[in-house]
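These are the residues of each chain, in order.
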Amino acid sequence: MLYEPIGHDPAHWPDSYWRASCPALPPCPPLARSSTVDVAIIGAGYAGLNAALELVESHGADVAVLEAAQPGWGASGRNGGFCCLGGTKLDATAITRRIGAAGAAEWDAFEHAGIARVRDNLARYRIDAQTTETGEIQLAANARAWARMQRAGGEVLDATQLREHGLNTAVYPGGAMTRAGFGLHPYAYVTGLARAALAAGVALHGDSRVTGLTPAQAGWTVQTAQGQVHARQVLIATNGYSDERLPGWLHRRILPALSHVMVTEPIAPADLQAQGWTRHLMAYDSRTLLHYFRLLPDNRMLFGARGGMSFRPAPVARFAREARQAFDMIFPAWQAVPAAYHWNGLVCLTTSRAPYIGPVPGAPGLFLALGWHGNGVAAASHGGRCAARALMGVADAAPRLTRRPPARFPLPRKLALRAGMALAGLIDGPLRPR
Ligand SMILES: Cc1cc2nc3c(=O)[nH]c(=O)nc-3n(C[C@H](O)[C@H](O)[C@H](O)COP(=O)(O)OP(=O)(O)OC[C@H]3O[C@@H](n4cnc5c(N)ncnc54)[C@H](O)[C@@H]3O)c2cc1C
């Protein structure tokens with residue numbers, strides 16, 4: 001385990017704004033017997049629950065989902081709610097170089113299909129996830145990034161135009177608009193999926209950490225503290241919270257990384273006007289260690305920052321202070337607006353810089369779907385569905401980019417993370433008022 005146990009402890013579920021503003025799902029009881037199903041899924045986040053729904057609804061499979069805490073405890077219940085393009089750290093040129101133009105087009109279609117998938121889920125399962133306006137703005141963190149954005153073309157807005165569009169900050173010289181995606185309430189979405197899975201007949205077990213995975217006749221035995229499931233196939237959908245012994249093949253092939261979120265008290269309309277930020281559009285900046293933010297339906301500002309190395313209270317508090325300093329610099333008119341909530345969680349990176357959806361090499365019947373690179377609302381939702389189809393034997397169900405098993409990290413990962421962050425900090429440079 002790369003981080004302190006507290007970060008993985010079901011008893012430590014952050015008091016996030018999301019949990020405070022959404023009815024909780026009634027607790028799902030633990031697995032307390034021995035059962036047999038077609039497919040066992042480990043992890044009840046977007047990936048696991050979408051896979052379960054796909055398996056039951058489209059393939060009539062008998063499915064059990066085993067969750068160490070309760071559905072949505074992981075990143076799926078505590079993220080920023082950006083339902084947006086993403087899922088890889090590779091840009092279009094690098095993807096084309098790796099798998100060709102057709103593969104790059106297929107991946108691009110996958111990212112868009114992810115957003116459509118979430119919209120479809122919300123409508124199909126009647127989930128009120130408080131969606132916000134369509135689109136996303138990437139803000140240039142410095143003059144160099146702004147020049148690059150202008151050269152790339154597309155719909156760019158300079159600082160004056162940003163102000164005219166209700167997107168004024170004291171920092172960013174310009175931005176590029178993408179007309180895709182929307183904001184949502186991540187916990188309402190994941191608990192809505194869990195309700196839909198229960199209604200569809202999925203055996204959904206909370207407080208059921210999987211502690212062992214052993215080959216058995218025609219499948220696998222999946223062990224929890226109080227029970228076991230025998231399944232022909234198993235899908236591991238545990239992303240940043242994975243136990244790297246399940247299976248041992250996973251060891252050092254993923255890099256869980258911290259993301260931190262602050263949500264303020266509601267901001268008064270006059271203060272929104274004073275800052276000139278009045279839109280409920282998703283926004284993020286061009287830094288590697290990016291800041292991401294969006295105004296929530298009740299006019300609280302959600303402000304996220306990637307980085308940090310530990311779940312210990314002192315470094316977490318230090319990181320929260322730094323994030324607040326960035327917030328105050330970007331939105332000086334809101335310096336007096338108190339923060340109401342802070343929390344963090346784990347995302348998942350891989351050496352291939354792309355997700356992996358596919359079989360565990362050398363372990364027939366065992367599949368993985370993980371590595372959404374900090375953007376899993378859409379990608380893990382659709383990726384979970386692709387994994388389910390792959391399990392059912394559909395050829396090429398997952399996009400080509402996700403079919404290459406990730407290699408092991410060659411260096412000690414915390415060292416690599418620390419070095420990567422230091423380098424990113426140098427390249428990004430300090431955030432400065434415009
Ligand atoms: C603070 C934060 C902000 C983010 N913001 C955004 C955003 O705005 N937009 C976006 O697209 N993405 C965002 N992400 C990333 C996104 O939330 C994830 O990519 C996505 O939720 C991953 O879904 P998942 O189902 O793969 O994994 P998770 O939701 O993390 O679920 C994995 C589950 O597996 C369970 N588990 C682990 N081990 C076991 C075991 N042995 N037995 C049983 N269960 C186990 C865990 O308890 C957990 O509930 C953010 C992430 C964080 C942490």
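Scroll up to find the structure this text is about.
Residues numbered from 1 in each chain as written. Predicted model: local features only at pLDDT ≥ 70, side-chain atom pairs only at ≥ 80, totals over all residues. Heavy atoms only, no water.

**Focus: the layout of surface pockets**
Rolling a probe over the atoms, with the probe sized like a water molecule, indicates the empty space that remains. Counted as a void, the second largest pocket has a volume near 480 Å³. Of all the secondary-structure elements, those providing two or more residues to the lining of the second largest pocket are β15 (301-306), α8 (313-330) and α10 (413-428). The residue makeup of the lining of the second largest pocket, split by class, is 11 nonpolar, 6 polar and 5 charged. (1 Å grid on protein atoms, 1.4 Å probe; cavity = no way out; pocket = protein on both sides within 12 Å on 5 of 7 lines; lining within 4 Å. Points joined across faces, edges and corners; volume = space filled by probe spheres on them. Helix = DSSP H or I, 4+ residues; strand = E, 2+ residues; numbered from the N terminus. Nonpolar A, V, L, I, M, F, W, Y, C, P; charged D, E, K, R; others polar.)

**Section: helix α9 (residues 376-391)**
For α9, the buried fraction is high: 14 of the 16 residues fall into the buried class. Residue Gly393 follows α9 closely and has a positive phi angle near 90°. (Buried < 20%, exposed > 50% of the residue type's maximum accessible area, 1.4 Å probe, protein only.)

**Some details on the pattern of salt bridges**
Inspection of every chain in the model, using the stated rule, returns 15 salt bridges. With its nearest N and O atoms 2.7 Å apart, the salt bridge here joins Arg124 to Asp120. You can see Arg124 and its partner Asp120 sitting in helix α3 (residues 92-124), 4 residues apart, about one turn around the helix. A salt bridge links Asp328 to Arg324, with the shortest nitrogen-to-oxygen separation between them at 3.0 Å. Of this pair, Asp328 and Arg324 both sit in helix α8, 4 residues apart, which is roughly one turn of the helix. Like Asp328, the residue Arg324 is buried in the burial classification. (Salt bridge = Lys/Arg side-chain N within 4 Å of Asp/Glu carboxyl O.)

**Topic: the pairing of strand β6 (residues 174-178)**
Most of β6 is tucked away: 4 of the 5 residues are buried. Pairing geometry for strand β4 (residues 136-139) and β6, over 4 bridges, is antiparallel. Each bridged residue has a counterpart across the sheet, and for Glu136 the counterpart in β6 is Thr178. Summarising the sheet, strand β5 (residues 155-158) and β6 pair through 4 bridges and their orientation is antiparallel. What sits directly across from Glu155, in β6, is Met177. (Pairing = 2+ DSSP bridges.)

**Quick notes on the site of the ligand**
The local shell around the ligand holds 37 residues, among which Glu67, Ser76, Phe82, Val210 and Val377 are the closest. At a separation of 3.0 Å, an oxygen atom of the ligand approaches a polar backbone atom of Ala47. One nitrogen or oxygen atom from the side chain of Trp372 is found 3.0 Å from an oxygen atom belonging to the ligand. When isolated, the ligand has an accessible area of 1000 Å², and the protein chains bury 98% of it. When residues of the shell around the ligand are traced back to their parent elements, those giving at least two are α2 (46-59), β12 (254-264), β16 (339-350) and α9. When residues are assigned to domains, the shell around the ligand turns out to be shared by domain 1 (26-131 + 184-253 + 351-403) and domain 2 (136-179 + 255-348 + 410-434), each giving three or more. (Near = heavy atom within 4 Å. Polar contact = N/O pair within 3.5 Å; in protein donor to acceptor, adjacent residues only side chain to side chain. Areas by Shrake-Rupley, 256 points an atom, 1.4 Å probe, with all protein chains shown as cover. Domains from an automatic or database assignment.)

**Observations concerning the environment of Thr238**
Position of Thr238 relative to the elements: it lies in the loop between β11 (228-236) and β12. With 192 residues separating them in the primary sequence, Thr238 and Tyr46 have C-alpha atoms 10.0 Å apart. Setting aside its immediate chain neighbours within four residues, Thr238 contacts Ile42 and Gly43. (Contact = heavy atoms within 4.5 Å.)

**What about the side chain of Arg324?**
Relative accessible area serves as the criterion here: at 16%, Arg324 is assigned to the buried category. Here Gln335 takes part through its backbone oxygen, which lies 3.2 Å from a polar atom of the side chain of Arg324. In this view, Arg324 contacts Met262, Trp334, Gln335, Val337, Pro338 and Ala339; residues no more than four positions away in its chain are not counted.

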